[in-house]
Amino acid sequence: MLRSRVIPCLLIHDGGLVKTEKFRPGKYVGDPLNAVKIFNEKQVDELMLLDIDATVNRRGPDFARLRNLAVESRMPLCYGGGVTGADEAARIISLGFEKVSVSAAALKRPDLIKEMARAVGTQSVVVTLDVRKNAMLPGYTIFTHNGRTKERVDLIDFVRQAAELGAGEIVVNSIDRDGTMTGYDLDLARQVRQAVGLPMSMIGGAGSINHIEALIEAVGVVGAGAGSMFVFNGPYRAVLISYRKPPALVS
Amino acid sequence: MIAIVDYGSGNVSAIANIYKQLKVPHVVTGDPAVLAAADGYVLPGVGAFDRVMADLIRLGIVDTLNTEILRNGKKAIGICVGMQILANASDEGQMSGLGWIPGHIRRIDENRIVTAPKLPHMGWNSIAPRGNPALLRGVDTERGFYFLHSYFFDAADDSNVLATVEYGTALACAVGRGNIFGVQFHPEKSHDNGVAILRNFAEL
């Protein structure tokens, strides 16, 4: 039976890994290559690497760094950050990544999703959306550029459009829950699940095995992304890379 | 010497890295002369069917592979789309496949998958081997492998199916015919189980 995926999500900033809280500047948590080696040993389901400097600094992916990370990895990899063209996506796949994520560039020009699907296949195209819950109105607002730029398009409308254009997976990242370790936004997960049939992953809020179980209970087979839970340990948030998942997912 | 065939369509470095750790002699190459001297072939492949076939043809190595694998009986394994091109043709493209294992690549029937997520088939899934194929020796079948695909190998001869994966229905996920093998999942990204497959292939 297909199992839910438990996915450490690592943020690359200034060449190191950081962990943010509500997208505010993060704490240094280690070296990316070292983290890949540790997660290999832990036999993780999948790993997501996001370069949070690329888009805001208007640069493309750091291919040399990605090559080094992919060679070491014995687990499936997804990369996001600064990808604006199908040719870049194809190059990242050829380096040994299974999936390439786009966000800001796809919101600016949705046809990029279609072009990527043609170049690397639907299964390797991931659309990641950072969202905040609206304060007054119902629903959520999409943000790009590390939460700094507000997008006008409706979340559910865009998720449907992305699926039609050839996305293979939707990743939804809750800015409100980022780094809080208070649990996933399950309403958000249910809304996205009802909108489209393709694979989906949630990020933002995971702090315990219970939170992951609650997400699976709410939406079925899913990708459960987590940052803080796998890089911090104990009440004082000492940096320690670890990996845990619900017993039902361990065979 | 195992040749990891480098035709620009696959994840050659992760496979090479695993063989390096296993101390299995290997070479990453797209050179016909080097290929002809090898004892076995790993054909990786990601992307669309036609694109992978076109890359193979552009490199001018189809004849060499046909000679070494079909006539001289050297072993070969295709991975993911590298497995799909072993078939005769695919619903995903117009080009002919290598036709080494009779079959057709079809889109997984979404209607048979009751609840979302539907396609692509993405993530870790158990496999059910048929019999006890040497390629799957030492594999924890319950733990299974990482899958990432929307098309599957519909084998013309059921006896060529070495293992199936349940996704809507039982789909062939490992095929074999004599010296030629194919796996739909990604052994290079499936931790210990994947390492076991690559080791088994090297030892065949």
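Above this note sits the structure.
Model, not experiment: these values are computed from the prediction.

Chemist: Pulling in residues and values, what's your account of helix α6 (residues 191–203) of chain B?
Modeler: Residues and elements named next belong to chain B. Across its 13 residues, α6 extends 19 Å between first and last C-alpha, which sits within 8% of the 18 Å expected from 1.5 Å per residue. Within α6 the residues assigned to the buried category are H191, N193, G194, I197, L198 and F201. Residues of α6 that are buried make contact with α1 (12–22), β4 (75–79), β9 (145–149) and β13 (180–183).

Chemist: Outline the environment of A:T84, supporting the account with residue identities and numerical values.
Modeler: Residues and elements named next belong to chain A. Assignment of secondary structure puts T84 in the loop between β5 (77–80) and α3 (86–94). Distance from T84 to P61, taken between C-alpha atoms, is 9.4 Å for residues 23 residues apart in sequence. Excluding residues within four positions of it along the chain, T84 makes contact with G60 and A105.

Chemist: Could you give me a rundown of helix α2 (residues 63–72) of chain A, with the residues and numbers involved?
Modeler: Those residues of α2(A) that fall on the buried side of the exposure criterion are A:L66, A:L69 and A:A70. Angularly, the buried residues of α2(A) cover 100 degrees about the axis, an arc narrow enough to put them on a single face. For α2(A), the elements touching its buried residues are α1 (32–41), β4 (47–51), β5 and α3 of chain A together with α1 of chain B.

Chemist: Can you explain the sheet that holds strand β6 (residues 103–107) of chain B? Please cite residues and give values.
Modeler: Residues and elements named next belong to chain B. The mixed open sheet is built from three strands, whose spatial order is β5-β6-β10. Every interior strand has two partners, whereas the edge strands, β5 (89–90) and β10 (151–155), have only one. Note that β5 and β6 share two bridges and pair parallel. Within β6, the residue paired with A89 across the bridge is H104.

Chemist: Outline the interface of chain A and chain B, supporting the account with residue identities and numerical values.
Modeler: Note: interface size is frequently given as the accessible area lost on complex formation between the parts. Each side of the interface is counted separately: chain A has 30 residues, and chain B has 30 residues. Elements that contribute at least two residues to the side of chain A that touches chain B include exactly α2 and α3 of chain A. Tallied by class, the residues present in the side of chain A that touches chain B amount to twelve nonpolar, eleven polar and seven charged.

Chemist: Let's hear about the sheet that holds strand β8 (residues 128–129) of chain B: which residues, and what values?
Modeler: Residues and elements named next belong to chain B. Read across the open sheet, the eight strands follow the order β2-β1-β3-β4-β13-β12-β11-β8; overall the sheet is mixed. The open sheet terminates on both sides in strands that have one partner only, identified here as β2 (26–29) and β8. Both strand β1 (residues 2–5) and β2 contribute to a ladder of four bridges, which runs parallel. Bridged to I4 within β2 is V28.

Chemist: Can you break down the pairing of β9(B) residue by residue, with the values?
Modeler: The element β9(B) is largely enclosed, with a buried count of five among its five residues. The side-chain alternation of β9(B) yields two buried faces, one formed by B:F145, B:F147 and B:H149 and the other by B:Y146 and B:L148.

What counts, and where the lines are drawn
- Residues numbered from 1 in each chain as written.
- Chains lettered and ligands numbered in written order.
- Predicted model: local features only at pLDDT ≥ 70, side-chain atom pairs only at ≥ 80, totals over all residues.
- Helix = DSSP H or I, 4+ residues; strand = E, 2+ residues; numbered from the N terminus.
- Expected span 1.5 Å × (residues − 1).
- Buried ≥ 20, exposed ≤ 12 C-beta atoms within 10 Å, placed from the backbone.
- Contact = placed C-beta atoms within 7 Å.
- Arc of directions from axis to C-beta.
- Pairing = 2+ DSSP bridges.
- Nonpolar A, V, L, I, M, F, W, Y, C, P; charged D, E, K, R; others polar.

Geometric values such as these leave the question of function open.
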